[in-house]
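A closer look at the structure
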Amino acid sequence: MQTSILRLAGIVAACSLTAMAAEPQVILLWPNGAPGSDGKTGEETVRVAAPGGDHVVAGIHHPSITAYLPSKETATGAAVVIAPGGGHSELWMDHEGYNIAKWLSEHGVAGFVLKYRLAREKGSTYKIEVESLADTQRAIRMVRSRAAEWGVEPNRIGVMGFSAGGELAALAATRFDNGNDAAPDAIDRVSSKPSFQALIYPAIPRDMQLSKDTPPAFLACGENDRQNISQGLPELYLALKKVGASAEIHVYTGVGHGFGLRATTKGPVAQWPERFHEWLGARGFLKK
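First things first, this report covers the structure right here in the doc. (Residues numbered from 1 in each chain as written. Predicted model: local features only at pLDDT ≥ 70, side-chain atom pairs only at ≥ 80, totals over all residues. Heavy atoms only, no water.)

Right, let's get into the pairing of strand S7 (residues 110-115). Across the six residues that make up S7, a large majority, six, are buried. Where burial is concerned, the two faces of S7 agree: the one with Ala 110, Phe 112 and Leu 114 and the one with Gly 111, Val 113 and Lys 115 are both buried. Relative to S7, strand S4 (residues 64-68) is paired through five bridges, and the arrangement is antiparallel. Pairing of Thr 66 across the sheet is with Val 113, part of S7. Sheet topology places strand S5 (residues 79-83) next to S7; four bridges connect them, and they run parallel. Residue Val 80 lies in a different strand from S7, and its bridge partner there is Gly 111. (Buried < 20%, exposed > 50% of the residue type's maximum accessible area, 1.4 Å probe, protein only. Helix = DSSP H or I, 4+ residues; strand = E, 2+ residues; numbered from the N terminus. Pairing = 2+ DSSP bridges.)

Below, the structure written as C-alpha coordinates:
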(Lines give C-alpha, C1' and ligand atoms only; values in the text may rest on other atoms or scores of the structure.)
Protein backbone atom coordinates (compact mmCIF):
# COMPACT_ATOMS: atom_id res chain seq x y z
CA MET A 1 0.00 0.00 0.00
CA GLN A 2 2.75 2.43 1.02
CA THR A 3 4.74 1.53 -2.12
CA SER A 4 1.71 2.30 -4.31
CA ILE A 5 1.21 5.64 -2.59
CA LEU A 6 4.86 6.55 -3.06
CA ARG A 7 4.71 5.52 -6.72
CA LEU A 8 1.57 7.64 -7.24
CA ALA A 9 3.21 10.61 -5.52
CA GLY A 10 6.22 10.21 -7.81
CA ILE A 11 4.01 10.20 -10.90
CA VAL A 12 2.15 13.32 -9.71
CA ALA A 13 5.46 15.09 -9.00
CA ALA A 14 6.82 14.14 -12.41
CA CYS A 15 3.67 15.41 -14.12
CA SER A 16 3.93 18.67 -12.16
CA LEU A 17 7.54 19.13 -13.23
CA THR A 18 6.60 18.44 -16.86
CA ALA A 19 3.81 21.01 -16.66
CA MET A 20 6.20 23.55 -15.15
CA ALA A 21 8.79 22.86 -17.85
CA ALA A 22 6.15 23.33 -20.55
CA GLU A 23 5.01 26.69 -19.16
CA PRO A 24 6.02 29.47 -21.57
CA GLN A 25 8.87 31.60 -20.27
CA VAL A 26 8.46 35.39 -19.96
CA ILE A 27 11.67 37.38 -20.54
CA LEU A 28 12.01 41.12 -19.94
CA LEU A 29 13.67 42.87 -22.86
CA TRP A 30 15.48 45.21 -20.46
CA PRO A 31 15.70 43.57 -17.00
CA ASN A 32 17.02 46.81 -15.48
CA GLY A 33 14.37 49.01 -17.06
CA ALA A 34 13.57 50.00 -20.62
CA PRO A 35 15.04 53.23 -22.03
CA GLY A 36 12.30 55.83 -22.12
CA SER A 37 10.31 54.24 -19.29
CA ASP A 38 12.22 55.82 -16.43
CA GLY A 39 9.95 56.66 -13.50
CA LYS A 40 6.93 54.83 -14.92
CA THR A 41 5.69 52.51 -12.19
CA GLY A 42 2.12 51.77 -13.25
CA GLU A 43 0.99 48.16 -13.35
CA GLU A 44 -0.20 46.37 -16.47
CA THR A 45 -3.95 45.97 -16.79
CA VAL A 46 -5.72 42.96 -18.27
CA ARG A 47 -9.34 42.66 -19.34
CA VAL A 48 -11.07 39.67 -20.87
CA ALA A 49 -12.95 40.59 -24.02
CA ALA A 50 -16.16 38.88 -25.08
CA PRO A 51 -17.10 36.79 -26.93
CA GLY A 52 -13.75 35.13 -27.64
CA GLY A 53 -12.21 35.55 -24.20
CA ASP A 54 -9.10 37.35 -25.45
CA HIS A 55 -6.81 38.77 -22.80
CA VAL A 56 -6.40 42.46 -23.67
CA VAL A 57 -3.37 44.10 -22.06
CA ALA A 58 -2.52 47.77 -21.54
CA GLY A 59 -0.24 49.87 -19.31
CA ILE A 60 2.98 48.25 -20.54
CA HIS A 61 6.18 49.84 -19.21
CA HIS A 62 8.30 46.68 -18.97
CA PRO A 63 8.31 45.22 -22.51
CA SER A 64 8.85 41.48 -22.74
CA ILE A 65 8.69 38.40 -24.90
CA THR A 66 6.96 35.14 -24.00
CA ALA A 67 8.76 32.12 -25.46
CA TYR A 68 6.93 29.14 -26.94
CA LEU A 69 9.64 26.66 -27.89
CA PRO A 70 9.14 23.50 -29.96
CA SER A 71 10.45 20.16 -28.75
CA LYS A 72 14.04 19.35 -29.67
CA GLU A 73 12.74 16.52 -31.84
CA THR A 74 10.52 18.82 -33.96
CA ALA A 75 12.53 22.07 -33.91
CA THR A 76 13.39 23.39 -37.37
CA GLY A 77 15.65 26.23 -36.24
CA ALA A 78 13.16 28.90 -37.36
CA ALA A 79 11.77 31.52 -34.98
CA VAL A 80 9.20 34.32 -35.17
CA VAL A 81 8.81 37.41 -32.99
CA ILE A 82 5.04 38.06 -32.92
CA ALA A 83 3.60 41.56 -32.37
CA PRO A 84 -0.15 41.54 -31.54
CA GLY A 85 -2.39 44.42 -32.57
CA GLY A 86 -4.72 46.75 -30.71
CA GLY A 87 -4.44 50.19 -32.30
CA HIS A 88 -1.29 51.02 -30.27
CA SER A 89 -3.60 51.54 -27.26
CA GLU A 90 -3.85 47.91 -26.09
CA LEU A 91 -2.71 44.42 -27.10
CA TRP A 92 -5.00 41.51 -28.00
CA MET A 93 -2.73 38.80 -26.70
CA ASP A 94 -4.52 35.55 -27.60
CA HIS A 95 -5.76 35.40 -31.20
CA GLU A 96 -2.91 37.65 -32.38
CA GLY A 97 -0.23 36.36 -30.07
CA TYR A 98 -0.32 33.29 -27.84
CA ASN A 99 -2.50 31.21 -30.19
CA ILE A 100 -0.07 31.89 -33.04
CA ALA A 101 3.02 31.10 -30.99
CA LYS A 102 1.50 27.87 -29.70
CA TRP A 103 0.57 26.78 -33.24
CA LEU A 104 4.04 27.58 -34.53
CA SER A 105 5.78 25.74 -31.70
CA GLU A 106 3.66 22.67 -32.43
CA HIS A 107 4.96 22.87 -36.01
CA GLY A 108 8.65 23.15 -35.14
CA VAL A 109 8.95 26.96 -35.13
CA ALA A 110 9.82 28.91 -31.99
CA GLY A 111 7.30 31.69 -31.28
CA PHE A 112 8.06 34.75 -29.15
CA VAL A 113 5.05 36.92 -28.28
CA LEU A 114 6.02 40.56 -27.84
CA LYS A 115 4.50 42.94 -25.30
CA TYR A 116 5.50 46.38 -26.55
CA ARG A 117 4.92 49.86 -25.18
CA LEU A 118 1.78 51.59 -26.43
CA ALA A 119 2.00 54.97 -28.13
CA ARG A 120 -1.72 55.75 -28.39
CA GLU A 121 -2.86 54.71 -24.94
CA LYS A 122 -4.44 57.63 -23.07
CA GLY A 123 -1.71 59.76 -21.49
CA SER A 124 1.12 57.82 -23.15
CA THR A 125 4.46 59.55 -23.77
CA TYR A 126 5.68 56.74 -26.04
CA LYS A 127 6.01 57.01 -29.81
CA ILE A 128 5.45 54.28 -32.42
CA GLU A 129 8.73 54.89 -34.22
CA VAL A 130 10.72 55.34 -31.01
CA GLU A 131 9.85 53.12 -28.02
CA SER A 132 7.44 50.71 -29.75
CA LEU A 133 9.86 50.12 -32.63
CA ALA A 134 12.78 49.86 -30.19
CA ASP A 135 10.93 47.09 -28.33
CA THR A 136 10.44 45.18 -31.59
CA GLN A 137 14.07 45.57 -32.61
CA ARG A 138 15.23 44.59 -29.13
CA ALA A 139 13.11 41.42 -29.26
CA ILE A 140 14.75 40.38 -32.54
CA ARG A 141 18.21 41.11 -31.13
CA MET A 142 17.47 39.15 -27.94
CA VAL A 143 16.26 36.04 -29.77
CA ARG A 144 19.34 36.19 -32.00
CA SER A 145 21.66 36.68 -29.03
CA ARG A 146 20.19 33.60 -27.30
CA ALA A 147 19.73 31.52 -30.44
CA ALA A 148 21.92 28.64 -29.27
CA GLU A 149 20.10 28.44 -25.93
CA TRP A 150 16.70 28.36 -27.62
CA GLY A 151 17.61 26.02 -30.49
CA VAL A 152 17.26 28.73 -33.12
CA GLU A 153 19.38 29.48 -36.18
CA PRO A 154 20.46 33.17 -36.10
CA ASN A 155 19.70 33.56 -39.82
CA ARG A 156 16.13 32.19 -39.49
CA ILE A 157 14.59 34.73 -37.10
CA GLY A 158 11.64 36.64 -38.53
CA VAL A 159 9.00 39.08 -37.36
CA MET A 160 5.21 38.82 -37.65
CA GLY A 161 2.69 41.51 -36.84
CA PHE A 162 -1.08 41.95 -36.80
CA SER A 163 -2.78 45.31 -37.45
CA ALA A 164 -0.84 47.85 -35.35
CA GLY A 165 1.70 45.13 -34.62
CA GLY A 166 2.00 44.68 -38.38
CA GLU A 167 3.08 48.31 -38.62
CA LEU A 168 5.89 47.58 -36.18
CA ALA A 169 6.88 44.42 -38.06
CA ALA A 170 7.04 46.40 -41.31
CA LEU A 171 9.12 49.13 -39.65
CA ALA A 172 11.48 46.53 -38.17
CA ALA A 173 11.90 44.99 -41.62
CA THR A 174 12.88 48.31 -43.17
CA ARG A 175 14.72 50.11 -40.34
CA PHE A 176 17.25 47.59 -39.14
CA ASP A 177 20.94 47.80 -38.30
CA ASN A 178 23.85 45.43 -37.81
CA GLY A 179 24.25 46.23 -34.12
CA ASN A 180 26.71 48.47 -32.32
CA ASP A 181 30.03 46.70 -31.70
CA ALA A 182 30.95 49.27 -29.05
CA ALA A 183 27.70 48.93 -27.06
CA PRO A 184 28.17 47.98 -23.39
CA ASP A 185 25.03 45.80 -23.61
CA ALA A 186 25.90 42.61 -25.51
CA ILE A 187 22.37 42.38 -26.97
CA ASP A 188 22.82 45.79 -28.62
CA ARG A 189 25.83 44.42 -30.50
CA VAL A 190 23.58 42.01 -32.42
CA SER A 191 21.79 42.73 -35.71
CA SER A 192 18.12 43.72 -35.58
CA LYS A 193 17.46 42.67 -39.19
CA PRO A 194 14.67 40.09 -39.41
CA SER A 195 15.32 37.18 -41.76
CA PHE A 196 11.73 37.45 -43.00
CA GLN A 197 8.53 39.36 -42.27
CA ALA A 198 4.88 38.33 -42.05
CA LEU A 199 2.40 41.19 -42.21
CA ILE A 200 -1.15 40.11 -41.34
CA TYR A 201 -3.75 42.84 -42.05
CA PRO A 202 -1.11 45.43 -41.09
CA ALA A 203 -1.30 49.16 -40.67
CA ILE A 204 1.14 50.04 -43.46
CA PRO A 205 3.80 52.65 -42.62
CA ARG A 206 4.12 55.62 -44.92
CA ASP A 207 7.24 56.12 -47.03
CA MET A 208 8.64 52.63 -46.51
CA GLN A 209 12.21 52.42 -47.78
CA LEU A 210 12.15 49.24 -49.85
CA SER A 211 15.02 47.57 -51.70
CA LYS A 212 16.06 44.17 -53.00
CA ASP A 213 17.56 43.61 -49.54
CA THR A 214 14.19 44.02 -47.79
CA PRO A 215 13.48 40.72 -45.98
CA PRO A 216 11.13 38.31 -47.82
CA ALA A 217 7.49 39.08 -47.02
CA PHE A 218 4.41 36.95 -46.39
CA LEU A 219 1.32 39.16 -46.68
CA ALA A 220 -2.29 38.32 -45.76
CA CYS A 221 -5.54 40.24 -45.32
CA GLY A 222 -9.28 40.04 -45.97
CA GLU A 223 -10.88 41.63 -49.04
CA ASN A 224 -13.48 43.33 -46.82
CA ASP A 225 -10.90 45.06 -44.64
CA ARG A 226 -10.69 48.84 -44.78
CA GLN A 227 -9.30 50.18 -48.05
CA ASN A 228 -5.88 51.21 -46.77
CA ILE A 229 -5.29 47.51 -45.97
CA SER A 230 -7.33 45.55 -48.53
CA GLN A 231 -5.94 47.74 -51.32
CA GLY A 232 -2.78 48.92 -49.57
CA LEU A 233 -1.36 45.45 -48.98
CA PRO A 234 -1.55 44.40 -52.67
CA GLU A 235 0.07 47.74 -53.49
CA LEU A 236 2.86 46.93 -51.02
CA TYR A 237 3.27 43.53 -52.71
CA LEU A 238 3.71 45.25 -56.08
CA ALA A 239 6.15 47.77 -54.59
CA LEU A 240 8.25 44.94 -53.14
CA LYS A 241 8.31 43.17 -56.49
CA LYS A 242 9.32 46.38 -58.30
CA VAL A 243 12.48 46.69 -56.19
CA GLY A 244 13.35 43.01 -56.56
CA ALA A 245 12.31 41.81 -53.09
CA SER A 246 10.54 38.48 -52.54
CA ALA A 247 6.88 38.44 -51.48
CA GLU A 248 3.78 36.24 -51.37
CA ILE A 249 0.27 37.59 -50.82
CA HIS A 250 -3.10 36.10 -49.80
CA VAL A 251 -6.32 38.13 -49.91
CA TYR A 252 -9.24 36.16 -48.46
CA THR A 253 -12.73 36.46 -49.93
CA GLY A 254 -15.51 37.76 -47.68
CA VAL A 255 -13.17 38.40 -44.75
CA GLY A 256 -12.65 41.61 -42.77
CA HIS A 257 -10.17 42.80 -40.17
CA GLY A 258 -8.85 40.97 -37.12
CA PHE A 259 -9.27 37.29 -38.00
CA GLY A 260 -6.01 36.22 -36.30
CA LEU A 261 -6.11 32.61 -35.16
CA ARG A 262 -9.23 31.38 -33.38
CA ALA A 263 -10.76 27.91 -33.15
CA THR A 264 -14.09 29.39 -34.23
CA THR A 265 -12.80 30.80 -37.54
CA LYS A 266 -14.11 28.89 -40.56
CA GLY A 267 -13.30 28.78 -44.26
CA PRO A 268 -10.02 29.19 -46.17
CA VAL A 269 -8.83 32.08 -43.96
CA ALA A 270 -8.58 29.66 -41.03
CA GLN A 271 -5.78 27.92 -42.92
CA TRP A 272 -3.52 30.95 -43.28
CA PRO A 273 -1.01 29.60 -40.68
CA GLU A 274 -0.56 26.51 -42.90
CA ARG A 275 0.08 28.78 -45.88
CA PHE A 276 2.65 30.70 -43.82
CA HIS A 277 4.34 27.49 -42.71
CA GLU A 278 4.46 26.26 -46.31
CA TRP A 279 5.97 29.58 -47.35
CA LEU A 280 8.67 29.23 -44.68
CA GLY A 281 9.47 25.81 -46.07
CA ALA A 282 9.58 27.06 -49.65
CA ARG A 283 11.98 29.83 -48.59
CA GLY A 284 14.28 27.28 -46.92
CA PHE A 285 13.71 28.41 -43.33
CA LEU A 286 12.54 25.01 -42.07
CA LYS A 287 15.59 22.91 -42.92
CA LYS A 288 16.71 20.95 -39.89
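Next comes the rest of the account.
Our focus in this paragraph is the pattern of salt bridges. One pass over the full model with this rule turns up twelve salt bridges. One salt bridge in this structure joins Asp 135 and Arg 117, with 2.6 Å as the shortest N-O distance. Within this pair, whereas Asp 135 is found in helix H3 (residues 128-145), its partner Arg 117 is found in the loop between S7 and H3, the two being separated by 18 residues in sequence. Side by side, Asp 135 and Arg 117 carry an identical accessibility label, which is buried. Each of the salt bridges in this network shares a partner with another, and the network as a whole consists of Arg 138, Asp 185 and Asp 188. (Salt bridge = Lys/Arg side-chain N within 4 Å of Asp/Glu carboxyl O.)

In the contact formed by H3 and helix H5 (residues 164-174), the axes pass within 9 Å of each other and the chain directions differ by 70 degrees. Classed by the angle they form, the pair H3 and H5 counts as roughly perpendicular. On H5, the residues touching Ile 128, Glu 129, Ser 132, Leu 133, Thr 136 and Ile 140 of H3 are Glu 167, Leu 168, Leu 171 and Ala 172. A breakdown of the residues in the contact of H3 with H5 according to their chemical character gives six nonpolar, two polar and two charged. (Axes fitted to C-alpha atoms, helices over the stretch in contact; angles between N-to-C directions. Parallel < 35°, antiparallel > 145°, perpendicular 65-115°, else oblique. Contact = heavy atoms within 4.5 Å. Nonpolar A, V, L, I, M, F, W, Y, C, P; charged D, E, K, R; others polar.)

Taken together, the three strands give an open sheet; going across it, the order is S2-S3-S6, and neighbouring strands pair in antiparallel fashion. The open sheet has two edge strands, strand S2 (45-49) and strand S6 (91-92), and neither has a second partner. With two bridges joining them, strand S3 (residues 54-58) and S6 adopt antiparallel strand pairing. Bridge pairing in S6 links Val 57 to Leu 91.

Function cannot be inferred from these measures alone, as they are strictly geometric.
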